[in-house]
Every structure is written in C-alpha cells, then in structure tokens.
Amino acid sequence: MNAIKKQNQNTEIKMEISIFRTSVVTEANINKLKAILDILVGAGNWNFDLEDADNILRVYYPPYQNNFLANEIKKYGFLCTELY
C-alpha cells in the first residue's frame, strides 16, 4: 500500500506499510517498545500481530528508514528483520 504524506508545502514523503519479523512475544514486550515506536513511527502507525508465527510488526513509515527502525528495535534487545 503506497501513499504520499505532505510535509511542509514543498516536500513529499512516501509512506508505505512495511512488515517485520520480530522476537516480540508478549504485551509486556510491546509496552517496552511503545514509547520509541510512538516517537519514531507515530502513535497509531504501528501494530504487532503476536498470533502470527513471525510475531509481525507492521508500520506505516517511510521505507527508506526501515533499516534505522529495525536497528532501534534491536537496541531494546529484540530481533527485527524486514520481510517486505
């Protein structure tokens, strides 16, 4: 899913839904990451699917920053690998 989000009047940032495999397995793990995800991605722009075997994290985020996001999550002790 692609979309364009306008920032200022002259700059456009391409936003996409990206999917990551993680080692996040509990609500307590999610709560540990909530503050940083709200800051980096924006409240309401991310969610986890803990019922999926890959403990999926979905984000609505500029795709060119996916490596940065994965590295930030790893700093909190969780595995995070972009799937698509």
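Up top is the structure.
Treat the numbers as computed from the prediction; the structure is a model and nothing was measured.

Novice: Would you mind showing me how to read the overall build of the protein chain here?
Specialist: Of regular secondary structure, the protein chain possesses two helices and five strands. The helix and strand sequence of the protein chain, counted from the amino end, reads β-β-α-β-β-α-β. Burial status across the protein chain gives 36% buried among its 84 residues. In the protein chain, the share of contacts with a sequence separation of at least 24, taken over all contacts with a separation of at least 6, comes to 57%. Surface summary for the protein chain: the accessible area is close to 5,400 Å², and the carbon and sulfur share equals 49%.

Novice: Got a minute to help me understand helix α2 (residues 66-75) in this structure?
Specialist: Along an α-helix, residues three or four apart share an orientation, since each turn contains 3.6 residues. Taken together, the buried positions of α2 are occupied by N66, L69, A70, E72 and I73. Considered in projection along α2, the buried side chains sweep an arc of 160° and stay on one side of the axis. Every exposed residue of α2 that faces more than 90 degrees away from the buried side is listed here: N67 and K75. Contacts made by the buried residues of α2 are with β2 (11-22), α1 (27-40), β4 (56-61) and β5 (80-82). Following α2 by one or two positions, G77 has its phi on the positive side, about 95°.

Novice: Explanation requested: unusual backbone geometry in the structure shown.
Specialist: Across residues other than glycine, the phi torsion is negative in most instances, and most of the peptide bonds are trans. The phi torsion at N55 lies on the positive side, around 45°, for a residue other than glycine. Tracing the chain through its elements places N55 in the loop between β3 (46-49) and β4.

How each quantity is defined
Residues numbered from 1 in each chain as written. Predicted model: local features only at pLDDT ≥ 70, side-chain atom pairs only at ≥ 80, totals over all residues. Heavy atoms only, no water. Helix = DSSP H or I, 4+ residues; strand = E, 2+ residues; numbered from the N terminus. Buried < 20%, exposed > 50% of the residue type's maximum accessible area, 1.4 Å probe, protein only. Contact = heavy atoms within 4.5 Å. Areas by Shrake-Rupley, 256 points an atom, 1.4 Å probe, with all protein chains shown as cover. Arc of directions from axis to C-beta.

Nothing here speaks to function; it is geometry throughout.
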